[in-house]
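What follows is each chain in one-letter form.
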Amino acid sequence: MSDAACPFDLEDRFARELEGLFVPWHAEPIPARRLLIFNAPLARALGLDGDRLASPPGLDFLLGQSPAPRATPIAMAYAGHQFGNYSPRLGDGRALLLGELADGRGRRWDVHLKGSGRTPFARGGDGKAAVGPMLREYVIGEAMHALGIPTTRALAVVATGESIARDGMLPGAVLVRIAASHLRIGTFEYAAAQRDPALLRRLADHAIARHDPEVAGVDQPYLAFYERVVARQAELVARWMHVGFVHGVMNTDNTTISGETIDYGPCAFMERHDPATVFSSIDERGRYAYGNQPGILQWNLARLAEALLPLFDADEAQAVERATAALGGFRDRFFDAHRRGMRAKLGLESGAAHASAEPSAARSDAEAARSDEADALCDSVSELLTTQRVDHTLFFRRLADAVRGDDAKVRALFADPGAFDAWATGWRTRLPTTEDERRLRAEVMDRTNPIYVPRNLEVERALAAATAGDLAPFHALLEAVTRPFDERPGLEAYARPAPDDAPPYRTFCGT
Ligand code: AMP
Ligand code: MG
């Protein structure tokens, strides 16, 4: 096939600049390819011709079956702290970076495969992926994107025609993933462990050119870069908390430099609000529980600081001091982002969530006191929902009805509606006084608080059907969660909490 058939031109900057951090590799042949889903809106956003890309010759390129011009596929090397324990060599065991795509608007994106066969990093793994988990990554990623949360996104899922051995035999699939990059904390840990200062510096320079070109010329570029990563990740985890997202496997190799959510393995959305919520079957001690996520992220960012230390200062004590100060910014960044979002969720702000990026500098005493009251409301709501076992998503959504003057729906979510009434007394004093203003405020809340998130039982139902060959429930779920703020008749099932007597939901790694 000639290069003219290739619907995109990929760059290979990672491969050119970062010798030592990858192995050139090729995707395994796919015996009987069947396109399960193609993300036409994402293709459009990337400036790609979706029809050409989804055609058989286009898919050949997209699946690494015929290499795109210029770029050689690579398996990236990385290390990582998994459940707190350091693994010096993880890397893409079943994944490949095909290359980097320029979108015509000055941004570059990784085109990446998952499930494309064993690589030299595969260790004991088979290099494959199953249809269910790859469609899961597709739908959760699209839901996150629709919620406005930074995320990698799936461009396509293709069934391979193979059967792969998991808990029984399952149909195999390859996921095509688009990401701002696949640089992770673990990439830096791996580079630092090579004890090659030039390699670490090249990696940092590469990351700065890709994600933070503004810091290239400043006084302490590597420290400024680190602070940017801290800020992005603080904002990201705050957004997870707002929607009740539990990532489930927040290892340092699953924590990006870009600030995008990555690797939807054992993740799930929390239904009944509880900081102790854990879904992953292997997370026995709840390390990655919902309420632990901000602390874990800070811990992961400390590992990044350790890797970057030699770039912060030649003097180690100085470098540690700088790193500590920079990491210290995480707490404030997180709490600021979290409370800003919570105020919007509770209808205490006139604008939508995340509208203002920075805390206001000068406040009057009266403003400060009102703001402290609002913070206290935000802080108390988690305890209220936990003790009352209230559905996280529905509570915030139905609170808008209470702003409109109808308390019945939100009170009905409480075992003891009196507990809501008691909390709501303070909350009501902070709502607008006129009916018109309250109506507008409720509208803003409806654009802030989703009605549809990928609920666990619906996700499982859709994936089980897809695995058996019926994609209709998957498409229906996708339709609901990609317009998460528009309540629509007929979609009630996607807004319904799991029944009280449902067994605890469990998710699995090793997908
Ligand atoms: P993950 O939990 O998906 O982030 O993966 C953690 C590590 O395990 C990465 O190095 C993956 O490449 C590797 N891995 C996961 N599943 C497989 C598999 N089936 N074959 C080879 N490597 C795998
Ligand atoms: Mg991973």
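Residues numbered from 1 in each chain as written. Chains lettered and ligands numbered in written order. Predicted model: local features only at pLDDT ≥ 70, side-chain atom pairs only at ≥ 80, totals over all residues. Heavy atoms only, no water.

Student: I tried to follow the packing of helix α6 (residues 185-193) against helix α7 (residues 197-211) on my own but got confused; where do I start?
Tutor: Two quantities define a packed helix pair, namely the angle between the helix axes and the distance between the axes. Closest axis-to-axis distance for the α6/α7 pair is 8 Å, and the angle between their directions is 155°. Relative to α7, the element α6 lies roughly antiparallel. Between α6, through Thr187, Phe188, Ala191 and Ala192, and α7, the contact on the second element is made entirely by Leu199, Leu200, Leu203, Ala204 and Ala207. Its residues assigned to classes, the contact of α6 with α7 shows eight nonpolar, one polar and no charged. (Axes fitted to C-alpha atoms, helices over the stretch in contact; angles between N-to-C directions. Helix = DSSP H or I, 4+ residues; strand = E, 2+ residues; numbered from the N terminus. Parallel < 35°, antiparallel > 145°, perpendicular 65-115°, else oblique. Contact = heavy atoms within 4.5 Å. Nonpolar A, V, L, I, M, F, W, Y, C, P; charged D, E, K, R; others polar.)

Student: What's the story with the site of ligand 1 in this structure? I'm lost.
Tutor: The full set close to ligand 1 counts 15 residues, and Gly91, Gly93, Asp126, Gly127 and Asp263 are the nearest of them. Glycine 127 is positioned such that a nitrogen or oxygen atom in its backbone is 2.9 Å from a nitrogen atom of ligand 1. In the model, an oxygen atom of ligand 1 is placed 3.0 Å from a nitrogen or oxygen of the aspartate 263 side chain. Coverage of ligand 1 by the protein chains reaches 81% of its 490 Å² of free accessible surface. Here the residues of the shell around ligand 1 sort into three nonpolar, five polar and seven charged. (Near = heavy atom within 4 Å. Polar contact = N/O pair within 3.5 Å; in protein donor to acceptor, adjacent residues only side chain to side chain. Areas by Shrake-Rupley, 256 points an atom, 1.4 Å probe, with all protein chains shown as cover.)

Student: Would you mind showing me how to read the coordination of the magnesium ion (ligand 2) here?
Tutor: Between any two of four tetrahedral donors, the ideal angle at the metal is 109.5 degrees; between two of six octahedral donors, it is 90 or 180 degrees. Protein coordination of the magnesium ion (ligand 2) is provided by Asn254 (OD1) and Asp263 (OD), with donor distances spanning 1.9 to 2.2 Å. Aspartate 263 sits in the buried class, given a relative accessible area of 15%. (Donors = N, O, S within 2.8 Å, 3.2 Å for Na, K, Ca; no water. Buried < 20%, exposed > 50% of the residue type's maximum accessible area, 1.4 Å probe, protein only.)

Student: Explanation requested: the nonpolar core in the structure shown.
Tutor: A general feature of soluble globular proteins is that nonpolar side chains tend to end up buried together. Core analysis: the biggest nonpolar cluster contains 137 residues, and Phe8, Phe188, Tyr226 and Phe474 have the highest contact counts within it. Looking at this core, the element that brings in the most residues is helix α8 (residues 221-243), giving 14 residues. Composition of this core by domain shows at least three residues from each of domain 1 (13-182) and domain 2 (186-338). Excluding residues within four positions of it along the chain, phenylalanine 474 makes contact with Ile37, Leu135, Tyr138, Val139, Ala462 and Leu463. Counting 26 residues, the second largest nonpolar core, distinct from the first, contains Phe414, Ala419, Trp427 and Met445. (Core = buried A, V, L, I, M, F, W, Y, C linked by side-chain atoms within 4.5 Å. Domains from an automatic or database assignment.)

Student: Looking at this structure, how should I read helix α10 (residues 316-345)?
Tutor: Under the 1.5 Å per step criterion, the end-to-end length of α10 is 44 Å for 30 residues, consistent within 8% with the ideal 44 Å. Looking at the residues trailing α10, positive phi occurs at glycine 347, about 75°. (Expected span 1.5 Å × (residues − 1).)

Student: Any chance you could explain the domain arrangement of the protein chain here in plain terms?
Tutor: The accessible area lost on association of the parts is a frequent measure of interface size. When cut into domains, the protein chain gives domain 1 (13-182) and domain 2 (186-338). A separation of 22 Å is found between the C-alpha centroids of domain 1 and domain 2. If you look at the interface, domain 1 gives 40 residues, while domain 2 gives 40 residues. In this assembly, domain 1 packs against domain 2 so that about 3,400 Å² is buried in total across both faces, 59% of it on carbon and sulfur atoms. It is Leu21, His81 and Phe83 in domain 1 that bury the most area against domain 2; as a group they hold 20% of the surface buried on that side. For the pair domain 1 and domain 2, the number of links is three salt bridges. For the salt bridge of arginine 177 with aspartate 263, the shortest nitrogen-to-oxygen distance reads 2.8 Å. (Buried area = accessible area lost by both parts, 1.4 Å probe. Salt bridge = Lys/Arg side-chain N within 4 Å of Asp/Glu carboxyl O.)

Student: Teacher, can you tell me more about unusual backbone geometry here?
Tutor: Peptide bonds are, in most cases, trans, and in most cases residues other than glycine have a negative phi. For aspartate 263, which is not glycine, the phi dihedral falls at a positive 65°. By secondary structure assignment, the location of aspartate 263 is in the loop between β11 (245-246) and β12 (268-269). Even without a glycine there, the phi angle at arginine 389 is positive, about 55°. Looking at where arginine 389 falls in the secondary structure, it is placed in the loop between α11 (365-388) and α12 (392-403). Taking the relative accessible area as the measure of exposure, arginine 389 reaches 52% and is therefore exposed.

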